[in-house]
Amino acid sequence: MQKEKILSLLSEKCMQSFGCDLDEATKQQTYRAVCLVVRDLLVQTRNDFCSRYEKQQAKQVYYMSMEFLVGTSLHNNLYNLGLEDSFRAALADLNVDLDDLYEIEPDAGLGNGGLGRLASCYMDAMSSLHIPATGFSLRYEFGIFKQKIIDGWQMEFPDNWLDMGDVWLIPRKEDAVEVKFGGQVHEWMQDGKLKIEQYDYTPVLAVPYDMFISGYDSGAVNKLVLWSAKSPSNMDMNAFSRGDYVKAIEQNAMAEAISKVLYPADDHVEGKILRLKQQYLFVSASLQSIVKNHLKHFDSLDSLPQKAAIHINDTHPALCVPELLRILLDDYGYDWDRAWDICQNTLAYTNHTVMSEALERWPEYLFREQLPRIYQLVAEINRRLVNQLNTVYPGDLAKIEYMAVIANNEVRMANLCLACCHKVNGVSKLHSDILKDSIFHDYYHIAPDKFTNVTNGIAYRRWLCQSNPKLTEKLREWIGDGFLHDANALEKLMKYYDKANVLQDLQKIKRYNKEVLCNYIARSNGINVDPNSIFDVQIKRLHEYKRQLLNVLHIMHLYCVIKENPNLDIPPRTFIFAAKASAGYFMAKQVIRLIDAVSKLVNSDPAVREKVKVVFLEDYKVSLAEIIIPAADISEQISIAGKEASGTGNMKLMINGAVTLGTLDGANVEIHEQVGDDNIFLFGLTAPEVEELWKKGYNPVEYYNGNLELRRVIDMLTSGVLGSRFDEIAKSLLTNSYGAADAYMTLADFDSYVRKQEEVGRTYLDKRKFFNMSLVNIAKAGLFSADRAVTEYADDIWQVKGIK
Ligand code: F55
């Protein structure tokens, strides 16, 4: 597009929206005008795309997720539309730097971590692959909280993203739908047919807001539909006329509370009514709109499975099962068997965790009270399931109870999905095997064909091409442009495996990205970091199983070693952490406090700080990850084997040339398969070894007593040398008071980790060798493209195709 054209569109938009000339607009106004112009372009492309797929009557994907961690959109959209350079040039005429506008945009942080970001990566990939798709979620007024560290403690602050983030959202008030909560169910016979009606319920309106999702160099634009809860206006009017003013306002507030805030926990589930209401609001509204859309184009819902693939992203949208059933039975008069058949063939489910505390269960009474009709249907699903299981496992009551949807006065959402969906997948080979062999083994036994694996993938155009332009430019020079469309083409880089000038260029680019990060660190933390040091990065949610603690214990060990021997010849290192902890997760917050204390100790000690620095970056989010990842040398993926379903940060770091230091967990296993033994630093127990050690009886005290280095650092925790004491952490490692002592086997893996870290240091001294490894990681990362992952979903689960 010509820059004159861009300038005229911007001027028009500025006048329309703000009543001012473009050259008088503030930065904020210019930013909004640019977004609105880009949005118009997306709308045009979307309309063309819709007419094409409607004409072809193409099957659509509906991706249901409580979370989409979108991050920022302007850069992504301009990049995808191929308009970045022309917009940059046009804005330069106005003395506006496009990069400054990028910085104004708040992250749409409608998710906690990996699961939410995965959903966004898949939306991007579906658009790039021309697959007609709609994502459904909630329009949280407050996304994931903003994190500040105050005196070592994590503090949470509200994330008012809509202030600026609303430019990407288009409301469709006319398409609002009603969702019913509570009340009673009335059943009666009419003309020989059973009729069902919910009455005395509380209605809530769900108002859709559309966000368009562009694909790279593609004629496809999909959309994310975010539902916002509103109280139906006639409800307050009724109360007003009865004079019950306060009640009316209260009901308004209660309805609107539903989409107020994203639940910030990714580690455990609490049976909170509000959360159940969030789930039902978005599931019911989405299914109503899917059904309505289907019937616009086809004459009955019989063909739903042929035209719609509805995907359940973890169990959070599991109410899709009974809600679709309800619509078919109650609203469209289907009989049970036919309705069940349609549900089975339309729905599929992805599991993202094996942690039992993260598997959703609802107290039965609460579920029944809030969703009386849905409860009846779930009870009937359970009754039929238990009957069927009685024939498969006659008399095996324990097994049947384990597999039941309702048991122990709880409704179990994973079993609901397993009982219904035609496909169930894990997110890495190891994780999918664990589902089959252990947590879902009994379901696997009765329906082995349901189970499949789709290893996660990332939208690499965001994570490499947009966030690491220097590397991308060089890659284009070396291997051509093929990788921009097909990530597998990155493998062509292998021909430069030992080419000195390529390795030097890789080193220079890394060095440049490290300087960018150094500047960020200096601004945000006031710490001067040496860009020649090894950037050793662990960025992810804070969780005990991810073992940030193992990383810190190693840093404490290094501290002791350097204090003992100040002339120790090791390459300098900067340990970089970024992590949010769930607000109520005590141990996770203690670990943040520990990282903070260790960073103060290390960074202020003249004998140590030339060799080691520790940086904790506040408020980890997509846009911060985009700055850190291109600068990383070492990617810490050190969860206890068997617990991290996949990880996706590991893939983002890999494709930017960081070398993984990790356990054989999640997708690290496949990263290892890709790069081979020589290009990864593996340590620690394997998943079967972890199992075996539990069976044998794990006693962390044996490791403490048997390893002086380990003992020294654990003793430091309680000694006060860190400025304050970390008794709870020490206790959790050594005693049984919080369940199993050292439940994540940090002590068992400590020695192996320390030795591997020594190897990392030695390897880095040989720059050529290190950048060999880095090159192989980039070259072999194509497998982890979201394009590959989405293609597997499309072929094996959804049975959809990209349209011409
Ligand atoms: C969010 C809310 C609840 Cl209630 C439970 C879990 C979560 C959540 O955010 N989970 C999550 O991020 N899981 C991660 O999913 C990634 C994508 O599949 C995996 O890579 C990662 O291993 C897994 O922990």
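As the structure is a prediction and not an experimental result, all values here were calculated from the model. (Residues numbered from 1 in each chain as written. Predicted model: local features only at pLDDT ≥ 70, side-chain atom pairs only at ≥ 80, totals over all residues.)

Asker: Requested: an account of the overall build of the chain, with residues and values cited.
Answerer: Within the chain, the regular secondary structure consists of 35 helices and 25 strands. Across its three principal axes, the chain shows a C-alpha extent of roughly 90 × 75 × 55 Å. Here the chain holds 804 residues, and the buried ones make up 50% of them. (Helix = DSSP H or I, 4+ residues; strand = E, 2+ residues; numbered from the N terminus. Buried ≥ 20, exposed ≤ 12 C-beta atoms within 10 Å, placed from the backbone.)

Asker: Explain the site of the ligand residue by residue, including any values.
Answerer: Gly114, Leu115, Asp266, Ala645 and Ser646 are the nearest of the 19 residues found near the ligand. Broken down by class, the residue content of the shell around the ligand amounts to 7 nonpolar, 10 polar and 2 charged. Residue contributions to the shell around the ligand reach at least three from each of two domains, namely domain 2 (56-72 + 107-456 + 791-798) and domain 3 (468-781). (Near = placed C-beta within 6 Å. Nonpolar A, V, L, I, M, F, W, Y, C, P; charged D, E, K, R; others polar. Domains from an automatic or database assignment.)

Asker: Break down the pairing of strand S23 (residues 634-637) for me, with residues and values.
Answerer: Covered by surrounding structure in S23 are Ile634 and Glu636 together with Ser635 and Gln637, the residues of both alternating faces. In this sheet, S23 lies alongside strand S20 (residues 534-539) in parallel orientation, the contact comprising 2 bridges. Its bridge partner being in S23, Val537 is matched across the sheet by Ser635. When S23 meets strand S24 (residues 659-662), the two strands line up parallel, connected through 4 bridges. Counterpart to Ile634 in the pairing with S24 is Val659. For the segment spanning S23, helix H27 (residues 649-655) and S24, crossover handedness is right-handed. (Pairing = 2+ DSSP bridges. Right-handed = clockwise from strand over helix to strand, strands pointing away.)

Asker: Before we move on, could you go through the domain arrangement of the chain and cite the residues and values that matter?
Answerer: Taken domain by domain, the chain comprises domain 1 (1-55 + 76-105), domain 2 (56-72 + 107-456 + 791-798) and domain 3 (468-781). Each of domain 2 and domain 3 was reduced to a C-alpha centroid, and the two centroids are 35 Å apart. Contacts between the two partners involve 36 residues from domain 2 and, on the opposite side, 30 residues from domain 3. Elements supplying a minimum of two residues to the side of domain 2 that touches domain 3: strand S2 (68-71), helix H6 (114-128), strand S5 (146-150), strand S6 (153-157) and helix H18 (429-439). Taken together, the residues of the side of domain 2 that touches domain 3 sort by class into 12 nonpolar, 16 polar and 8 charged. (Contact = placed C-beta atoms within 7 Å.)

Asker: Lay out the sheet that holds S23 with the relevant residues and their values.
Answerer: Read from one edge to the other, the open sheet built from 6 strands follows the order S22-S21-S20-S23-S24-S25, with strand pairing classed as parallel. Each edge of the open sheet carries a strand with a single partner, namely strand S22 (612-617) and strand S25 (681-682).

Asker: Break down the packing of helix H31 (residues 708-719) against helix H32 (residues 727-734) for me, with residues and values.
Answerer: Close contact between H31 and H32 brings their axes to 7 Å; oriented N to C, the two are set at 140°. One element, H31, and the other, H32, form an angle in the oblique class. Both H31 and H32 take part in a crossing whose hand is left-handed. Touching Ile714, Leu717 and Thr718 of H31 are Asp727, Ile729, Ala730 and Leu733, all from H32. (Axes fitted to C-alpha atoms, helices over the stretch in contact; angles between N-to-C directions. Parallel < 35°, antiparallel > 145°, perpendicular 65-115°, else oblique. Left-handed = near helix turned anticlockwise from the far one by under 90°.)

Asker: Lay out the UniProt feature "modified residue: N6-(pyridoxal phosphate)lysine" (unreviewed entry) in the chain in plain terms, naming residues and giving numbers.
Answerer: In the numbering used here, UniProt assigns the feature "modified residue: N6-(pyridoxal phosphate)lysine" (unreviewed entry) to Lys652. Relative to the helices and strands, Lys652 resides in helix H27. Under the C-beta neighbour-count criterion, Lys652 is labelled buried, with 29 such atoms within 10 Å. If near-sequence neighbours (up to four positions away) are discounted, Lys652 is found in contact with Ile458, Trp463 and Ile629. (UniProt positions renumbered as here; feature names shortened; annotations may be inferred.)

Asker: Go over helix H33 (residues 746-765) with me, naming the residues and quoting the values.
Answerer: Because an α-helix completes one turn every 3.6 residues, residues spaced three or four positions apart along the sequence face the same direction. With 20 residues, H33 should reach 28 Å at 1.5 Å per residue; the first-to-last C-alpha distance of 28 Å fits that figure. In the structure, H33 departs most strongly from a straight axis at Ser752, where the bend amounts to approximately 30°. (Expected span 1.5 Å × (residues − 1). Bend = angle between axes of the 7 residues up to and from the residue.)

Asker: Just give me the short version of unusual backbone geometry, but keep the residues and values in it.
Answerer: Phi is positive for Asp191, close to 50°, though the residue is something other than glycine. Position of Asp191 relative to the elements: it lies in the loop between strand S9 (184-190) and strand S10 (193-199). Taking the C-beta count within 10 Å as the criterion, Asp191 has 5 such neighbours and is therefore assigned exposed.

Asker: Provide a residue-level description of the pairing of S22, including the pertinent values.
Answerer: Across the 6 residues of S22, 6 count as buried, placing the element largely inside the fold. Burial along S22 is two-sided: Val612, Val614 and Phe616 facing one way and Lys613, Val615 and Leu617 facing the other are all buried. Where strand S21 (residues 573-578) and S22 come together, 6 bridges link them in parallel fashion. The partner of Ala578 across the bridge, within S22, is Leu617.

Asker: Can you lay out the environment of Arg788 for me, pointing to particular residues and giving the numbers?
Answerer: Among the secondary structure elements, Arg788 is positioned in helix H35 (residues 786-798). Its 17 C-beta neighbours within 10 Å are what place Arg788 among the partly exposed residues. When the C-alpha atoms of Arg788 and Ala487 are compared, they prove to be 8.6 Å apart, with 301 residues separating the residues in sequence. Excluding residues within four positions of it along the chain, Arg788 makes contact with Gly457 and Leu783.

Asker: Could you give an account of the nonpolar core, naming the residues involved and the relevant values?
Answerer: Judged by nonpolar contacts, the single largest core of 249 residues is most densely connected at Cys320, Val321 and Cys417. Each residue touching Val321, except ones within four places of it in the same chain, is listed here: Cys343, Leu347, Leu416, Cys417 and Cys420. (Core = buried A, V, L, I, M, F, W, Y, C linked by C-beta atoms within 7 Å.)

Asker: Which residues make up the environment of Asp124, and what are the values?
Answerer: Topologically, Asp124 is positioned in helix H6. Between the C-alpha atom of Asp124 and that of Tyr460, which follows or precedes it by 336 residues, the distance is 9.9 Å. If near-sequence neighbours (up to four positions away) are discounted, Asp124 is found in contact with Ile213, Gly215, Ala459, Arg462 and Ala786.

Asker: Report on helix H12 (residues 320-331), specifying residues and quantitative values.
Answerer: Taking 1.5 Å of rise per residue, 12 residues should cover 16 Å, and H12 covers 15 Å from first to last C-alpha, within 8% of that figure. Burial in H12 covers these residues: Cys320, Val321, Pro322, Glu323, Leu324, Leu325, Arg326, Ile327, Leu328 and Leu329. The first or second residue beyond H12 is Gly333, which carries a positive phi of 70°.

Asker: Go over the sheet that holds strand S16 (residues 406-407) with me, naming the residues and quoting the values.
Answerer: As a general point, the strands of a sheet are linked pairwise by backbone hydrogen bonds and lie either parallel or antiparallel. With antiparallel pairing, the 3 strands of this open sheet are ordered in space as S15-S17-S16. Both outer strands of the open sheet, strand S15 (361-363) and S16, are each paired with one neighbouring strand and no more. As judged from the 3 bridges shared by S15 and strand S17 (residues 410-412), these two strands associate in the antiparallel manner. From the neighbouring strand, Pro363 faces S17, where its bridge partner is Glu410.

Asker: Go over the packing of H12 against helix H13 (residues 336-346) with me, naming the residues and quoting the values.
Answerer: Between H12 and H13, the least distance of the axes is 9 Å, while the angle of their chain directions is 140°. Taken together, the axes of H12 and H13 lie oblique to each other. Crossing handedness for the pair H12 and H13: right-handed. Contacts from Val321, Leu324, Leu325, Leu328 and Leu329 in H12 reach Trp336, Ala339, Trp340, Ile342, Cys343 and Thr346 in H13.

Asker: Which residues make up the environment of Arg383, and what values go with them?
Answerer: Residue placement: Arg383 occurs in helix H15 (residues 372-392). Placed 21 residues apart in sequence, Arg383 and Ala404 show a C-alpha to C-alpha distance of 8.9 Å.

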